[in-house]
Amino acid sequence: MIDFNAFPEQRQAYIQQLLAEKGRVVSADLISQLGVSEHTIRRDLQKLARNGICKRVYGGAVSQLKQSASFETRMTQSVDEKSKVAKRCAMLIKNHSCIFIDAGSTYLAMASYIPHDMDLTIITNSPQIATVLSSRNKGELILVGGKVNPQTGSTMGADTVNQIRNMIFDQTFIGVCGLDPQAGLSAVYYEDACFKKELIAQSNEVIAAVIADKMLQVARYKVATCEDIDIVIASRESKIEGFEQVNLQIELV
């Protein structure tokens, strides 16, 4: 049996393996499993974080969020997984309501599943989603304006935020870059994070569509706690360890 106190490289390789398999590690569990001190585990996680392997969170660490691809590239990735999540999200939409659909490839897929006979006011910051919905005959479709970010495929900035401050949403389908039990919902871009915070503040119900590679991940900017989200619709492949400790409804599809 390896003496993990004496072999830091093997110890860190083991932690890295756990991160790859589970998406997150808990410091207390590592101390027990490896028979080392809290200081040793803290030092290991700091080194792994410096090397870009993980990101430190309260009580442990999560695997490093993958570099976000362009919106056009994301549209071609995990298509079947996104389609299942998107279809379930569309089923949650309530007739005669005002909803906001955040930008994202999963929500772009969701737009095709929204029944045409539903009387809805739909607001979005995604030109692509607005295009898919432009043939609807019932209700209203509103595209909020602003500078378009090619990475997110959305409008964002001060003008966009100011527009939604005058709106109240029955439901908001919020975009997710990373979702973690302790860190909550996070975003890659600062302007996007500010916009999402405002969306949540203006919403009566917040729904998050999440595929497997976004779960147990932490992006650069915090948006909200798990308690700020009402429902998460996640793909069945998603890792959900740790979420049972927070007040969050997760449905796997």
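Residues numbered from 1 in each chain as written. Predicted model: local features only at pLDDT ≥ 70, side-chain atom pairs only at ≥ 80, totals over all residues. Heavy atoms only, no water.

Engineer: Now, about the sheet that holds strand 14 (residues 231–234): what can you tell me, with residues and values included?
Structural biologist: Strand order in the open sheet formed by 7 strands is 6-5-4-9-12-14-15, and the pairing between neighbours is parallel. Two strands bound the open sheet, and with one partner strand each, they are strand 6 (140–143) and strand 15 (249–252). Direction aside, neighbouring strands of the sheet carry axes that sit 20° apart on average. In this structure, strand 12 (residues 206–210) lies alongside strand 14, joined through 4 bridges in parallel fashion. Bridging across to strand 14, Ala 209 finds its partner in Ile 233. Seen against the sheet, helix 5 (residues 79–91) touches strand 9 (171–174), strand 12, strand 14 and strand 15 and runs at an angle of roughly 145° to strand 14. (Pairing = 2+ DSSP bridges. Helix = DSSP H or I, 4+ residues; strand = E, 2+ residues; numbered from the N terminus. Axes fitted to C-alpha atoms, helices over the stretch in contact; angles between N-to-C directions. Contact = heavy atoms within 4.5 Å.)

Engineer: So what about the packing of aromatic side chains? Which residues, and what values?
Structural biologist: Considering all chains together, one arrives at 4 aromatic pairs under this definition. Of the aromatic side chains, those joined through ring pairs into one cluster are Phe 100, Phe 169 and Phe 195. (Phe/Tyr/Trp six-rings, centres within 6.5 Å; stacked < 30°, edge-to-face > 60°.)

Engineer: Go over the packing of helix 1 (residues 8–22) against helix 3 (residues 38–50), please, and point to the residues and values.
Structural biologist: At a minimum axis separation of 10 Å, helix 1 and helix 3 run at an interaxial angle of 70°. One finds that helix 1 runs roughly perpendicular with respect to helix 3. As for the relative orientation of helix 1 and helix 3, their crossing is right-handed in sense. Here Arg 11, Gln 12, Ile 15 and Gln 16 of helix 1 lie close against helix 3, whose contacting residues are Thr 40, Ile 41, Arg 43, Asp 44, Leu 45, Lys 47 and Leu 48. (Parallel < 35°, antiparallel > 145°, perpendicular 65-115°, else oblique. Left-handed = near helix turned anticlockwise from the far one by under 90°.)

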